[in-house]
Amino acid sequence: MCGRTACTLAPDEVSRASSYRNRGGQRRQPRWRDGDADKYRASYNKSPQSMSPVLLSQRHFDKDAPVDECVLASMRWGLIPSWFKENDPSKMQYSTSNCRSENLLQKKSYKDPLIKGQRCVILADGFYEWQRVEKGKQPFFIYFPQTEGLSQEKKEDQDDPMTSVRNKGNSEAACPPGEASPGLTEEGEAPGEWTGWRLLTMAGLFDCWTPPDGGEPLYSYSVVTVNASQNLQNIHHRMPAILDGEEEVRRWLDFGEVKSLDALKLLQSKDILTFHPVSSLVNNSRNNSPECLQPVDLNSKKEPKPTGSSKMMKSWLSSGVPSKRKELETYRSKEEQEGKSTGGLQRWLQGANKKPRTK
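Residues numbered from 1 in each chain as written. Predicted model: local features only at pLDDT ≥ 70, side-chain atom pairs only at ≥ 80, totals over all residues. Heavy atoms only, no water.

Caption draft 1: Spotlight on unusual backbone geometry. In this structure, Gln-49 takes a positive phi of about 85 degrees despite not being glycine. Here Gln-49 lies in the loop between strand E5 (43-46) and strand E6 (51-57). (Helix = DSSP H or I, 4+ residues; strand = E, 2+ residues; numbered from the N terminus.)

Take a look at the structure:
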């Protein structure tokens, strides 16, 4: 299952991190739906009923949009069916934060959106899961391995003149004047290119509910779950359905070309994630600080040495972090108060190298 996530990137970073190639091979950077960037709040500890970044086809909002155009939206975690009769979504009598892949065609709440092609991708740094232990539950943070793959791919492109020219052409075609990120960034990245933290891409279904008495439509989603992969079974028997790579994301979102029954074939257990234990601080959803993500040593209770993934994350964050990162929901560091924000993930990684305080 998936009951807690973290997404600490600012809105513009989420857009860059979720760039994709269209059918013509051009690199595109999805825009935020009007007003939705302001609804999103970065957080180390997101729980159901909060607003999360979701990637979906622009055709759900504009029938004349290109078939392969994607857009970012802020949606409520916990699907509210379009046919829900109450005026208050909190009156839902059952949880819809997760939906089992095996039951999508059996339960009306999920079958209707699935048949209508209302498929989406939930974006997050990673998700938390709790392992039952002798004295309670131990939380873990689970995410895509952060290897040198992205950096190596960039290096190979530079070594291959044809690839570099092709990528340059695609970037220029994808971002004409007036569109997002024209030219090169200060870090030297091409428009839409992202060499930072690889966001987790989870399959989801969404619906749009309008209060019976009138009001603003509410978009909400449910995370599709599957049986846990072999390396996660000791933590929990279920996991989110992970879409691995741009092609799987494209097929899940392309409801015109990929019909519902074919899309369901993408929902498989994949042994591709890594994890580390974290503090029980994350147990309380009100806690929203870097310590929620920080690795702990279950034997000594001391902070362990940084892993390969955390080393890479620290490397890219220290090499180029936006000067204006969106403030987290309840956490503000001293540096932020002084206007010197270095980014949430970088703070906890730097903290991982410090010795624990002693009373």
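There's plenty left to go through after this.
Caption draft 2: Local environment of the sheet that holds strand E15 (residues 274-277). One open sheet accounts for five strands, arranged E5-E1-E10-E11-E15; its pairing is antiparallel. For this open sheet the edge positions go to E5 and E15, each flanked by a neighbour on one side alone. Between one strand axis and the next, the sheet turns by 30 degrees as a mean value, whatever way the strands run. Judged from the two bridges that link them, strand E1 (residues 4-7) and E5 form a sheet pairing that is antiparallel. Looking across to E5, one finds that Thr-5 is bridged to Lys-46. (Pairing = 2+ DSSP bridges. Axes fitted to C-alpha atoms, helices over the stretch in contact; angles between N-to-C directions.)

Caption draft 3: A look at the packing of aromatic side chains. Per the counting criterion, the structure on display carries nine aromatic pairs. Their ring planes at 10 degrees and their centres at 6.3 Å tell us that Trp-77 and Tyr-221 sit as a pair that is stacked. Residue Trp-77 is located in strand E7 (residues 70-77), and its partner Tyr-221 is located in strand E13 (residues 218-227); the two are separated by 144 residues in the primary sequence. Taken as a pair, Trp-77 and Tyr-221 share a single burial class, namely buried. In this structure an aromatic cluster arises from ring pairing among Tyr-128, Phe-141, Tyr-143 and Trp-197. Residue placement shows Arg-119 over the ring face of Trp-252; its charged tip is 5.4 Å from the ring centre. Between Arg-198 and the ring centre of Phe-144, over which it is positioned, the NZ or CZ distance is 3.6 Å. (Phe/Tyr/Trp six-rings, centres within 6.5 Å; stacked < 30°, edge-to-face > 60°. Buried < 20%, exposed > 50% of the residue type's maximum accessible area, 1.4 Å probe, protein only. Lys NZ or Arg CZ within 6 Å of the ring centre and 35° of its normal.)

Caption draft 4: Structural context of the nonpolar core. Counting residues in hydrophobic clusters, the biggest one holds 71 residues, and the most contacted among them are Leu-104, Tyr-128, Tyr-221, Trp-252, Leu-267 and Leu-273. In terms of residue count, the dominant contributor to this core is E7 (six residues). With residues up to four places along the chain from it excluded, the contact list for Tyr-128 reads Arg-4, Thr-5, Ala-6, Tyr-44, Asn-45, Phe-140, Phe-141, Val-278, Val-282, Cys-292 and Leu-293. Formed by five residues, the second largest nonpolar core is a distinct cluster that contains Phe-84, Met-92, Trp-209 and Leu-218. (Core = buried A, V, L, I, M, F, W, Y, C linked by side-chain atoms within 4.5 Å. Contact = heavy atoms within 4.5 Å.)

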